[in-house]
Amino acid sequence: MVSTTARPRAVRVGVLGCADIAVRRMLPALTGQPLVDLVAIASRSLARAGEFAGRFGCEAVEGYERLLARPDIDAVYVPLPTALHAEWATRALAAGKHVLCEKPCTTGLREATDVVAAARDHGRLVMESYMFLHHAQHERVRELVRDGAIGQLREVTAVFGIPAPPRQTPEDGYVLSSLLETGGYPVRAARLFAGDDLEVVGATSTFDPATGQDLGGSALLRAPSGVCARLGFGWDRFYRSAYELWGSAGRLTLDRAFTTPDTHAPVLRLEGQDGVREFTLAPDRPFVNIAGAFARTVLSGTGFDRHADDILRQAALVDRIRGFDATPISGAIHTPSR
């Protein structure tokens, strides 16, 4: 007998918090994604929730617990301060909700292990919102590399820096880390192109002597294939958002790689023995795309383990970079003694 029960056509989503990234990018993306039905926004302040709920055509909820208790919500998006991600992702999963969590999903591997265990225990999806992966420009880069445009890949360079750290709030509950907040992008790019089995060969950091906050740093990674990855990140430098793939027969570079406006037409620059070529690509909408990827995975009921494993691999590599030298020298670059 064929079931007459129709599969849901959209995932009913609630949002925990009114963070800037949510208001500027993800809330418009959720309302613009046909596979998502934005149901409600929660805040500790009903007035604040109401302000944004009115803008995006959904309900306002006072308190995150009340939103998680609603039976008309299938999944939540978590844009809270990083220190609160693991707690509220775990609570949401225990409440039977799927979770799309802002990056970084957790502050380290221990928290990531707990979040993933909760997702698996409750049969729910947890996905880390590295939205840049869902821009079509990166697949075009991968196609060029697969087609031999730069020969054999030898080195990946990835950098992401902004001139000032984000505003710290009492909710953060810990000293903000540029490695977590900006370094995660080049780390994820290194994994995208050089693979997951990356060894940390070296790492350096610069610290604020007053707060102990890491302001920036760099890392050198190496894959079993011999491909190296050089990463740079921080809040103490001019804005950069780019990566470069250097091969045996050419070099491919991409600017605006991690924070790409929806209206931006990316330009890939390919240098080789025959000269320089530039490929102008069509604009894309990475936030709308990641919302769609999340919803499709929820609706299909498959692929949950792949996203859980990705969170674990990312957290483990960031922990290895952070642990390469665990003794900061305030106000100065530090390197490990051997």
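Reading the values: the criteria
Residues numbered from 1 in each chain as written. Predicted model: local features only at pLDDT ≥ 70, side-chain atom pairs only at ≥ 80, totals over all residues. Heavy atoms only, no water. Pairing = 2+ DSSP bridges. Helix = DSSP H or I, 4+ residues; strand = E, 2+ residues; numbered from the N terminus. Axes fitted to C-alpha atoms, helices over the stretch in contact; angles between N-to-C directions. Contact = heavy atoms within 4.5 Å. Buried < 20%, exposed > 50% of the residue type's maximum accessible area, 1.4 Å probe, protein only. Salt bridge = Lys/Arg side-chain N within 4 Å of Asp/Glu carboxyl O. Parallel < 35°, antiparallel > 145°, perpendicular 65-115°, else oblique. Left-handed = near helix turned anticlockwise from the far one by under 90°. Nonpolar A, V, L, I, M, F, W, Y, C, P; charged D, E, K, R; others polar. Core = buried A, V, L, I, M, F, W, Y, C linked by side-chain atoms within 4.5 Å. Expected span 1.5 Å × (residues − 1). Arc of directions from axis to C-beta.

All right, on to the sheet that holds strand S1 (residues 11-16) then. The parallel open sheet is built from 6 strands, whose spatial order is S3-S2-S1-S4-S5-S6. If you trace the sheet from one side to the other, it starts and ends with strand S3 (59-62) and strand S6 (126-129), each paired once. If you compare each strand with its neighbour and ignore which way they point, the axes differ by 25 degrees on average. Pairing between strand S4 (residues 75-78) and strand S5 (residues 98-102): 4 bridges, direction parallel. By the bridge assignment, Val78 is partnered in S5 with Cys101. Across the face of the sheet, helix H2 (residues 46-56) comes into contact with strand S2 (36-43) and S3 while running at roughly 165 degrees to S3.

Take the pairing of strand S11 (residues 240-247) next. Judged by how many residues are buried, S11 sits mostly within the fold: 6 of 8 residues are covered. Taken together, S11 and the strand that follows it, strand S12 (residues 250-255), pair antiparallel across an intervening segment of 2 residues.

What follows concerns the pattern of salt bridges. A full pass over the atoms with the stated rule returns 25 salt bridges. Among the salt bridges present, the one from Asp72 reaches Arg70, with a minimum N-O distance of 2.7 Å. In this structure, the salt-bridge partner of Arg322 is Asp319, at a minimum N-O distance of 2.4 Å. Linking Arg322 with Asp319, this pair stays in helix H9 (residues 304-323), spanning 3 residues, or about one helical turn. Look at Arg322 and you get partly exposed, because its relative accessible area is 33%. Note on Asp319: relative accessible area 25%, which makes it partly exposed.

On to the packing of helix H1 (residues 20-31) against H2. Two elements in contact, H1 and H2, have axes separated by 11 Å at closest approach and are oriented at 45 degrees. On the basis of the axis angle, H1 is oblique to H2. In the packing of H1 onto H2, the handedness of the crossing is right-handed. From H1, Val23, Leu27, Pro28 and Thr31 reach across to H2, where they touch Phe52, Arg55 and Phe56. Residues of the contact of H1 with H2, tallied by class, amount to 5 nonpolar, 1 polar and 1 charged.

With that settled, consider the packing of helix H4 (residues 82-94) against helix H5 (residues 109-122). Axis separation between H4 and H5 bottoms out at 9 Å; the angle between their running directions is 10 degrees. Taken together, the axes of H4 and H5 are roughly parallel relative to one another. On the side of H4, the interface is formed by Ala86, Ala89, Thr90, Leu93 and Ala94, while H5 contributes Glu111, Val115, Ala118, Ala119 and His122. Counted by class, the contact of H4 with H5 contains 7 nonpolar, 2 polar and 1 charged residues.

What follows deals with the nonpolar core. In summary, soluble globular proteins display a tendency toward joint burial of nonpolar side chains. Counting residues in each nonpolar core, the largest one holds 74 residues, and the members touching the most others are Leu27, Leu30, Leu221, Tyr243, Phe258 and Ile321. Here the element with the most residues in this core is helix H8 (residues 286-300); it accounts for 9 residues. Excluding anything up to four places from it in sequence, Tyr243 contacts His138, Val141, Thr157, Ala158, Phe193, Leu252, Thr253, Leu254, Ala257 and Phe258. Among the nonpolar cores identified, the runner-up in size contains 30 residues, and Tyr64, Leu68, Val99 and Val126 belong to it.

This next bit is on the environment of Leu100. Topologically, Leu100 is positioned in strand S5. It is 29 Å that separates the C-alpha atoms of Leu100 and Asp236, two residues lying 136 residues apart in sequence. Contact partners of Leu100, with chain neighbours within four places excluded, come to Met26, Val76, Tyr77, Val78, Met127, Ser129 and Phe294.

Here we come to unusual backbone geometry. Look at the link from Lys103 to Pro104: it is a cis peptide, with omega at -10 degrees. Counting through the fold element by element, Pro104 comes out in the loop between S5 and H5.

Locating Gly14 in the fold gives a position in strand S1. Judged by its relative accessible area of 0%, Gly14 is buried. Counting along the chain gives 113 residues from Gly14 to Met127, while the straight-line C-alpha distance between them is 15 Å.

On to H5, then. With 14 residues, H5 ought to run about 20 Å at 1.5 Å a step, and its terminal C-alpha atoms sit 20 Å apart, in line with that. Buried residues of H5: Ala112, Val115, Val116, Ala118 and Ala119, and no others. The arc that holds every buried residue of H5, seen down its axis, measures 155 degrees, which confines them to one face. Opposite the buried face of H5, by more than 90 degrees, sit the exposed residues Arg110 and Asp121.

Listing the buried residues of H2 in full gives Ala49, Phe52, Ala53 and Phe56. Buried residues of H2, seen end-on, are gathered within an arc of 105 degrees and therefore sit on one face of the element. For H2, the exposed residues set more than 90 degrees away from the buried face come down to Ala47, Gly54 and Arg55. Elements that come into contact with the buried residues of H2 comprise H1, S2 and S3.

Purely spatial values, then, with no claim about function.
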